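Structural features, examined
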Amino acid sequence: MPETPLLELTEVSAAYGPVKVLHDVSLSVPSGGAVGILGANGAGKTTTLRAISGTVRVPSGAIRFNGTDIRGKRPDQVAALGIAHVPEGRGTLPNMTVRENLLVGAYLRSDRDGIERDIDYLLDLFPNLRRRIRSNGSALSGGEQQMLAVARAFMAKPKLLVLDEPSLGLAPSTAQDVYAAIAKLRAESGIAMLVVEQNANLAFSIVDSAVVLETGRSVLTGTTAELKGNDEIRKAYLGG
Amino acid sequence: MFNFTTFIQLIIDGLATGSIYAALALAIVLVNQATGIINFAQGGMAVLSAYFGMTIGNLMLPIHPILGIVVGIIAAAIISYGMGAIIERFVMRRFIGSHPDTQVVATVGLLTLITGAAGLIWTYNYIPYPFFFDAGESFRIGNVAISVWSLTTFLTILALMGVLQALFRGTKMGLGLRAVADNSASAALSGINVGRMLMAGWGLAAVLGAIAGILVAAKIQLQPGMFDTFLVYALAAVIIGGLDSPIGAVVAAWGIAILENLAGTYVPWIGHDMKIAVPFVLLFVILLLRPQGLFGRKVVVRV
């Protein structure tokens with residue numbers, strides 16, 4: 001009998017007001033696994049993540065996380081269950097320092113020593129952030145903000161890290177640095193990840209499998225190797 | 001002829017009155033930081049809290065005068081916290097996502113409702129507020145007479161600022177409040193219950209207002225509309241100081257009150273009747289030169 005996945009979406013729809021954006025998305029993330037979501041602009045990748053973290057209305061379908069039905073829960077309740085969402089556009093706290101951003105990430109924890117240890121660990125992983133520890137979020141470069149967003153999410157010690165296009169707006173070399181750090185985080189913590197990425201080559205550097213979305217529907221699921229071998233996928237997302 | 005003693009007294013009185021503006025201004029900044037709106041009912045809520053404090057304090061007064069006053073202040077603080085939280089949860093929460101103007105108009109409605117309710121229950125007559133000392137009491141340092149009320153008010157506001165600073169910089173609740181004020185959607189993703197923080201923010205603002213209300217009532221007695229003018233000064237302070245700067249608001253409040261006193265005394269054609277215009281001329285000039293306020297941050301959009 002296969003193990004129950006950590007996160008499972010079954011036939012999920014989602015709507016902004018009366019406008020339905022997701023129609024039928026199903027996917028699952030195993031414990032400790034990393035899954036990518038691929039798709040064109042407007043396919044519903046970001047909305048799928050928002051459905052999980054409770055920031056968009058989900059009229060139908062089921063979202064189960066770690067044995068609990070989380071559909072319709074508030075974002076803070078979802079976070080408390082162990083999902084940390086790094087939203088599109090990073091969502092750092094612009095008027096709070098890097099250190100305060102990290103402390104907010106650890107808001108639900110009360111193990112002071114552990115929090116300090118994790119801050120230190122993340123500052124080793126992202127040396128740029130260590131140099132800017134007293135700077136406000138708004139003073140950071142795009143790459144630094146992305147690193148801060150990932151580090152802040154990790155401070156919550158989540159079971160699942162949900163990342164929305166960590167490479168968005170970054171220079172290619174910076175994007176690669178960010179992905180290298182995420183890969184390292186995954187290797188050292190065994191944390192499960194769900195990653196939306198426009199750049200499939202980057203996504204494939206950390207995920208084991210991926211789901212392809214088209215106009216609000218999940219149309220294809222496969223391991224990284226299977227998808228790389230698929231001609232259509234290669235043409236659409238891997239640059240030939 | 002210039003009289004140095006009068007000058008010092010004008011400044012000290014200005015600091016005291018300015019401290020009242022400052023307390024109300026801080027309350028307005030607190031709510032604005034969390035919700036982005038200006039709460040016009042802040043003064044009315046403060047007066048209502050003072051009425052509750054007076055009523056409960058008077059019940060205890062026969063047992064022991066000091067006990068009555070202390071219980072009244074504590075009761076006013078607790079009730080105002082609850083009142084702020086309830087108003088947020090059951091009135092303002094319904095307007096979240098609607099146009100800011102709608103929300104501001106809702107607070108104006110609240111002001112009218114609260115003032116009317118207070119008038120209905122306690123009438124529109126001035127009612128004395130039981131306090132530790134008489135409003136006229138003063139002591140002398142050299143030639144300068146310092147009113148006990150002025151000193152108490154000034155020190156109270158300083159203490160409140162210290163407490164607020166400690167709360168915001170040194171506690172987990174403060175961290176949560178600041179995170180919600182900074183980016184509430186993002187704060188929620190870190191597990192912060194945004195609704196609860198908004199209630200706490202409104203509650204704390206109401207407590208600040210209640211303390212200001214009691215201090216004013218101790219000086220001029222209680223009346224439902226007694227804070228209307230104070231609200232106008234507090235708004236001027238908030239706008240001059242910068243909507244996002246608590247320290248700016250306090251400094252501006254002191255500045256306005258001192259300047260108003262000095263202008264009223266030393267500029268003959270202003271006098272006592274015209275001095276209320278002073279902060280608004282100041283407001284006008286400052287907004288022309290620095291639209292974000294003296295201490296406010298310029299909002300820079302990074303693309």
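Residues numbered from 1 in each chain as written. Chains lettered and ligands numbered in written order. Predicted model: local features only at pLDDT ≥ 70, side-chain atom pairs only at ≥ 80, totals over all residues.

Let us look at the interface of chain A and chain B. Interface size, as often reported, equals the accessible area lost upon joining of the parts. Contacts between chain A and chain B engage 20 residues on the former and 16 residues on the latter. Listing elements by their share of the side of chain A that touches chain B, those giving two or more residues are α2 (75-81) and α3 (98-105) of chain A. Looking at side-chain class alone, the side of chain A that touches chain B contains twelve nonpolar, six polar and two charged residues. (Contact = placed C-beta atoms within 7 Å. Helix = DSSP H or I, 4+ residues; strand = E, 2+ residues; numbered from the N terminus. Nonpolar A, V, L, I, M, F, W, Y, C, P; charged D, E, K, R; others polar.)

This next bit is on the nonpolar core. Residues and elements named next belong to chain B. Of all hydrophobic cores here, the largest spans 163 residues; its most connected members are Tyr21, Leu24, Ala25, Ala234, Ala237 and Ala253. Broken down by element, the residue count for this core peaks at 18 residues, all from helix α8 (residues 194-220). Aside from chain neighbours lying at most four places away, what touches alanine 253 is Gly18, Tyr21, Ala22, Ala25, Ala234 and Ala237. (Core = buried A, V, L, I, M, F, W, Y, C linked by C-beta atoms within 7 Å. Buried ≥ 20, exposed ≤ 12 C-beta atoms within 10 Å, placed from the backbone.)

Here the focus is α3 of chain A. With respect to burial, α3 of chain A is a largely interior element, seven of its eight residues being buried. Looking at the buried side of α3 of chain A, the elements it contacts are α4 (112-125), α5 (127-131) and α6 (142-155) of chain A together with α6 (172-182) and α7 (184-189) of chain B.

On to the pairing of strand β2 (residues 144-147) of chain B. Residue and element names in this part refer to chain B. One ladder, built from four bridges, connects strand β1 (residues 138-141) with β2; its direction is antiparallel. Across the sheet, arginine 140 pairs through a bridge with alanine 145, a residue of β2. Taking the residues that link successive antiparallel strands as the turn, the β1-β2 hairpin has two residues, and the phi of glycine 142 there is positive, at about 60°. (Pairing = 2+ DSSP bridges.)

All right, on to helix α5 (residues 148-170) of chain B then. For an α-helix the count is 3.6 residues per turn, leaving residues at separations of three or four pointing the same way. All names here are of chain B. Across its 23 residues, α5 extends 32 Å between first and last C-alpha, which sits within 8% of the 33 Å expected from 1.5 Å per residue. Where α5 is concerned, the buried positions are Trp149, Ser150, Thr153, Phe154 and Ile157. Structurally, α5 contributes buried residues whose contacts are with α1 (4-35), β2 and α8. (Expected span 1.5 Å × (residues − 1).)

From the geometry alone we can't say anything about function, so treat these as descriptive.
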